[in-house]
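A structural walkthrough
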Amino acid sequence: MKRIPVAAPVLTGNEKAYVMECLDTTWISSAGRFITEFEQGFARFTGTRHAVATNNGTTALHLALVALGVGPGDEVIVPTLTYVASTNAIRYVGATPVLVDADPRTLNLSPEDVLAKITPRTKAVIPVHLYGHPCDMDPIVEACRARGISVLEDAAESHGALYKGRPTGSLGDVATFSFFGNKIVTTGEGGMVVTDDDALEKVLRLYRGQGMDPERRYWFPVVGFNYRMTNIAAAIGCAQLEHVDELLAARRQVARWYAEHLAGSEDLVVQPVQEEWAHHAYWIYNVLLAPGATAGQRDAVMAAMDADGIETRPVFYPMHVMPVYTADSALFPVATDLAQRGINLPTHGLLTEEDVARVCERLVHHAKQLS
Ligand SMILES: *Cc1c(COP(=O)(O)O)cnc(C)c1O
């Protein structure tokens, strides 16, 4: 039986034709028509004024923090339950990550814990729209606006997700996306920073391109970076945007199949369930083993799935258990619990209903062995 991977890019549009155009015209580096078109198209897609392409989602985060002026002595609030890049970027600028616990319904950062952890040194908050489900942004944005704190959305996993009808990436002061091969929209490796702020856009472009003065070539007033995207990557991105509605619809279809085929299972909890104010983009369809399950049991279920030819992933290990960010687990009870019971199921646009049915049949079977 064929192996079912957890993720797979869908490159069925003009991806190949546009990449070939780069090769045929020799525009393979970081200038060319696709860069501008991808930036403009992505700004439209997210409903923002400016989009600045980068070479990955991690450099996009770093660039955004630099542009916001975050540095040593500043605190940045970030969920403990996230991918490591969100937290590492804070360290890159010499600031201090302040971890917050998760919300048990959405798996995203808890707005209550964000409010509890704001101090006079808080310079920014990074809500991460985990697995494609938007964060509850209103309480966070409101608290930050009142105190002059910047909101940087890490939207690496939430292309096309909506919060109260508005796209993720348009909800804070600045937002970053990733186009890694397993993300909802891909360019192989790639990233984007989006913002409505004209001044911030200029700073982003300055630092992305080695700090070169836009008015004076080879003049460098600041220490910048080379975080440019290639025209080849942007070519793939342009093609992805042409069929992004299809890419998003395919994931929602997969999610509907999962909901149907998992209905009635008592040993599994689907989490997050889409909140009524949310439009979930389903980067990952996630389930939890029943309350009380241990990480060892979760790992056993994943190993059994693997033996059945089905790839799964554990929910991210929270940052507070990483040697470089270590903190007392008792301070993050929700994230600790979600991380030990959570399993990421295969979620991508090439799955058939038959694949999803097979994943569910095996998963329900293995989860039952635990009870
Ligand atoms: C993928 C991801 C990133 C980093 O993106 P890369 O393109 O892999 O550098 C950052 N944050 C989150 C939440 C991610 O999932």
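Whatever comes next refers back to the structure up there.
All of the points below concern the structure found in this document. If you're wondering where the values come from, they're calculated on a predicted model, not measured in any experiment. (Residues numbered from 1 in each chain as written. Predicted model: local features only at pLDDT ≥ 70, side-chain atom pairs only at ≥ 80, totals over all residues. Heavy atoms only, no water.)

**Section: the pattern of salt bridges**
The condition is simple: In the sections that follow, a salt bridge refers to a side-chain nitrogen of Lys or Arg positioned within 4 Å of a carboxyl oxygen of Asp or Glu. The numbering of helices and of strands both runs from the N terminus, where a helix is a DSSP run of H or I of at least 4 residues and a strand a run of E of at least 2. Burial classes: relative accessible area under 20% of the type maximum marks a residue as buried, over 50% as exposed, and values in between as partly exposed (1.4 Å probe, protein chains only).
According to the stated counting rule, one finds 20 salt bridges in the structure shown. For the salt bridge of E21 with R33, the shortest nitrogen-to-oxygen distance reads 2.8 Å. With a gap of twelve residues between them, E21 in helix α1 (residues 15-25) and R33 in helix α2 (residues 33-46) connect regions that are remote in the sequence. Look at E21 and you get partly exposed, because its relative accessible area is 27%. Since its relative accessible area comes to 38%, R33 is described here as partly exposed. The shortest N-O distance in the salt bridge between D138 and K164 comes to 2.6 Å. Placement of the pair is D138 in helix α6 (residues 137-147) and K164 in the loop between β6 (162-163) and β7 (166-167), with a sequence separation of 26 residues.

**Thoughts on the packing of helix α10 (residues 295-307) against helix α12 (residues 353-370)**
Put simply, the test is: All axes are obtained by fitting lines to C-alpha atoms, using only the stretch in contact for helices, and the reported angles, taken between N-to-C directions, cover 0 to 180 degrees. Just so you know how the angles are binned, under 35 degrees is roughly parallel, over 145 roughly antiparallel, 65 to 115 roughly perpendicular, and the rest oblique. What makes a crossing left-handed is the near helix being turned counterclockwise from the far one by less than a right angle; a clockwise turn instead makes it right-handed. In what follows, residue pairs with any heavy atoms lying within 4.5 Å of each other are defined as contacts. Amino acid classes used here: Ala, Val, Leu, Ile, Met, Phe, Trp, Tyr, Cys and Pro are nonpolar; Asp, Glu, Lys and Arg are charged; the rest, including Gly, are polar.
At a closest axis distance of 10 Å, the pairing of α10 and α12 adopts a crossing angle of 140°. By the angle between their directions, the pair α10 and α12 is classed as oblique. For the crossing formed where α10 meets α12, the hand is right-handed. In this structure, α10 uses Q297, V301, A304 and M305 to contact α12, whose residues at the interface are V359, R362, L363, H366 and L370. Taken together, the residues that form the contact of α10 with α12 break down as six nonpolar, two polar and one charged.

**Thoughts on empty space enclosed by the protein**
Spelled out, the test is: Only protein atoms enter the 1 Å grid used here, on which a cavity is any set of points holding a 1.4 Å probe that cannot leave and a pocket is any open set flanked by protein within 12 Å on both sides along at least five of seven lines; residues with an atom within 4 Å of a point are listed as lining. Grid points are joined across faces, edges and corners, and a volume is the space filled by probe spheres set on the points.
Counted according to the given criterion, the structure contains two cavities of 30 Å³ or more. Each pocket or cavity is described by its volume, and for the largest cavity that value is around 80 Å³. Lining the largest cavity, in full, are A8, P9, V10, K183, I184, T186, Q240, L247, A250, R251 and G349. Among the elements that take part in the lining of the largest cavity, helix α9 (residues 244-262) stands out by supplying three residues, more than any other. Counted by class, the lining of the largest cavity contains six nonpolar, three polar and two charged residues. Roughly 50 Å³ of internal volume is contained in the second largest cavity.

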